[in-house]
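Results of the structural survey
Residues per chain are reported as follows:
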Amino acid sequence: MVVLERGELTGGSTFHAAGLVGQLRSSVELTRINMASVELYRRLLEETGRDPGWKGVGSLRVASSPARLAEMADRERWARRFGLHLELVGAREARERFPLMTDASLEGALWLPSDGHVDPAGLANALADGAKGRGVKFLTGARVVAITVKGGRVAGVVAESGPIACEVVVNAAGIWAAEVGRMVGLGIPVVPMAHQYLVTAPIDGVRRDFPVMRDPDRLVYFREEVGGLVVGGFERRPEAWGLDGIPGDFTHRLLPPDWERFAPLMEGAIARVPALAGATAIRLVNGPEAYTPDGEFILGEAPKVGGFFVAAGFCAHGIAGAGGVGKVMAAWILDGRPPMDLRRMDVRRFGPDGREPPRAAADAIRVYATYYDIREVTVR
Ligand SMILES: Cc1cc2nc3c(=O)[nH]c(=O)nc-3n(C[C@H](O)[C@H](O)[C@H](O)COP(=O)(O)OP(=O)(O)OC[C@H]3O[C@@H](n4cnc5c(N)ncnc54)[C@H](O)[C@@H]3O)c2cc1C
């Protein structure tokens, strides 16, 4: 098996991810995928000798409205049925775990002790080391420029470094997945969306063992970093980027910070953690991430090209999903079918032509803007 990377490993969205790893999602399948990730990240250091920077500090999802608290009570009952341990706790316990949060309109919180955060580049390198130890070759500076198809099946790839014959290709090209899909005539509706988070200098009272905290009513999330906080979120007026094509030299690069777009999130963040008002901002990270028109991953085999698989469109939770996605994709390729019901994430849901780009972009923007809205959980 060979991994071809056009730049250096992590040079796409991975190097600038915030590293939150949350397991609770709105479908059983996605929750199970993320649970498999945590199970893997916990043992990666021991297994590979490379530290992925996993911090199993738990997470708090706080309710700042009665409607959110009701949603959380539903989720607690739902998730317990398939083995995800979580607990609905009162405002006092939430504040004991994250003392910098105010109790203003704090109705309670979901406490997930097995969640955490990870260093995204450390994780990618630990996964790569594990794969190398099992015989996988990595070629960097090896951009794929064409894919050879014979008799309706993949026959090889052409990289700048030369051609390679193969029976299976996995398109895991992040925001470039649409470009790689076009090499076999497959429309893959990934839309690069600009996502931002702020990193602060150390703040008095922040402890290294602070759990990740999300306040979905205020559209924001928080985690500890070197005694300060990482603060990000999903604004109501998000921005797509690179719709006319991604610049050829865009690798290990960020977008310019957009303080104006971040301002409403900062306001929500300060309302929950007032100490942020006096904190020193070190940087505002703005990076593109592959979104999809329905907010679900894009996984599986192309409808008309046998052996061409897709694993992309991770909608701002590709770090949380990576371990589990690797597991389900491996099973899908080996067995010819996914190991669980993944219809909601199947690349075939868009048809062979994908979705017309302007419509895909409009849908992705709407999905991003409503990321933290109250949702009913799906039970299959
Ligand atoms: C600011 C920000 C914060 C985020 N925070 C979180 C978070 O807290 N938690 C979380 O779970 N997720 C988070 N994400 C999302 C996460 O970063 C992504 O979901 C994840 O990194 C996607 O990984 P990937 O491997 O699919 O894509 P990428 O990391 O983009 O990797 C794709 C790779 O494919 C290579 N490539 C592309 N085209 C070719 C080609 N033709 N030939 C060879 N190689 C090619 C690229 O160079 C790139 O390295 C965040 C995203 C952003 C932007």
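See the structure above.
Anyway, here's the lowdown on the structure attached to this text. A quick note: this is a predicted structure, and the numbers were derived from the prediction, not measured.

**Quick notes on the overall build of the protein**
- Within the protein, the regular secondary structure consists of 8 helices and 19 strands.
- Whereas a compact globule of 380 residues would reach a radius of gyration of roughly 21 Å, the protein reaches 20 Å, a difference of no more than 12%.
- Expressed as lengths along the three principal axes of its C-alpha atoms, the size of the protein is roughly 65 × 45 × 45 Å.
- Counting only residues that meet the buried cut, the protein has 52% of its 380 residues in that class.
- By sequence separation, contacts in the protein at least 24 residues apart represent 77% of the contacts at least 6 residues apart.
- In the structure as shown, the protein presents an accessible area of about 16500 Å², 51% of it carried by carbon and sulfur atoms.

**Side note on the sheet that holds strand β9 (residues 153–159)**
- The strand order across the open sheet built from 3 strands is β8-β9-β10, with neighbouring strands paired in antiparallel fashion. Two strands bound the open sheet, and with one partner strand each, they are β8 (144–150) and β10 (162–165). Strand-to-strand twist in this sheet, taken as the mean axis angle between neighbours without regard to direction, amounts to 25°.
- For β9 and β10, the ladder comprises 4 bridges, and the chain directions are antiparallel.

**A few points about the layout of surface pockets**
- In this structure, the second largest pocket occupies an estimated 470 Å³ of space.
- Contributing to the lining of the second largest pocket are 25 residues, with Ala178, Arg182, Val190, Leu243 and Pro357 lying nearest its centre.
- Elements that contribute at least two residues to the lining of the second largest pocket include exactly α5 (177–182), β12 (191–200) and α8 (357–369).
- When residues in the lining of the second largest pocket are grouped by element, the largest group, 4 residues, is from α8.
- Of the residues in the lining of the second largest pocket, the class split is 15 nonpolar, 4 polar and 6 charged.

**Observations regarding the packing of helix α1 (residues 28–48) against helix α7 (residues 318–335)**
- Following both chains from N to C, one finds α1 and α7 inclined at 95°, their axes separated by 7 Å at the closest point. Overall, the two elements α1 and α7 adopt an arrangement that is roughly perpendicular. Contacts from Ile33, Asn34, Ala36, Ser37, Leu40 and Tyr41 in α1 reach Ile319, Ala320, Gly321, Ala322, Gly323, Gly324, Val325, Lys327 and Val328 in α7.
- Taken together, the residues that form the contact of α1 with α7 break down as 9 nonpolar, 5 polar and 1 charged.

**Points about the site of the ligand**
- Taken together, 31 residues lie near the ligand, and Glu5, Ser13, Thr14, Glu289 and Ala320 sit nearest.
- Contacts to the ligand include Ala18, whose backbone N or O atom sits 2.9 Å from a nitrogen atom.
- Val144 is positioned with one of its backbone polar atoms (N or O) 2.8 Å from a nitrogen atom of the ligand.
- Protein contact buries 93% of the 1000 Å² of open area that the ligand shows by itself.
- Contributing elements (two or more residues each) for the shell around the ligand: β1 (2–5), β12, β17 (281–291) and α7.
- Across the shell around the ligand, the residue classes tally to 16 nonpolar, 11 polar and 4 charged.

Rules used in this analysis
Residues numbered from 1 in each chain as written. Predicted model: local features only at pLDDT ≥ 70, side-chain atom pairs only at ≥ 80, totals over all residues. Heavy atoms only, no water. Helix = DSSP H or I, 4+ residues; strand = E, 2+ residues; numbered from the N terminus. Rg over C-alpha atoms; globule rule 2.2 N^0.38 Å. Buried < 20%, exposed > 50% of the residue type's maximum accessible area, 1.4 Å probe, protein only. Contact = heavy atoms within 4.5 Å. Areas by Shrake-Rupley, 256 points an atom, 1.4 Å probe, with all protein chains shown as cover. Pairing = 2+ DSSP bridges. Axes fitted to C-alpha atoms, helices over the stretch in contact; angles between N-to-C directions. 1 Å grid on protein atoms, 1.4 Å probe; cavity = no way out; pocket = protein on both sides within 12 Å on 5 of 7 lines; lining within 4 Å. Points joined across faces, edges and corners; volume = space filled by probe spheres on them. Nonpolar A, V, L, I, M, F, W, Y, C, P; charged D, E, K, R; others polar. Parallel < 35°, antiparallel > 145°, perpendicular 65-115°, else oblique. Near = heavy atom within 4 Å. Polar contact = N/O pair within 3.5 Å; in protein donor to acceptor, adjacent residues only side chain to side chain.

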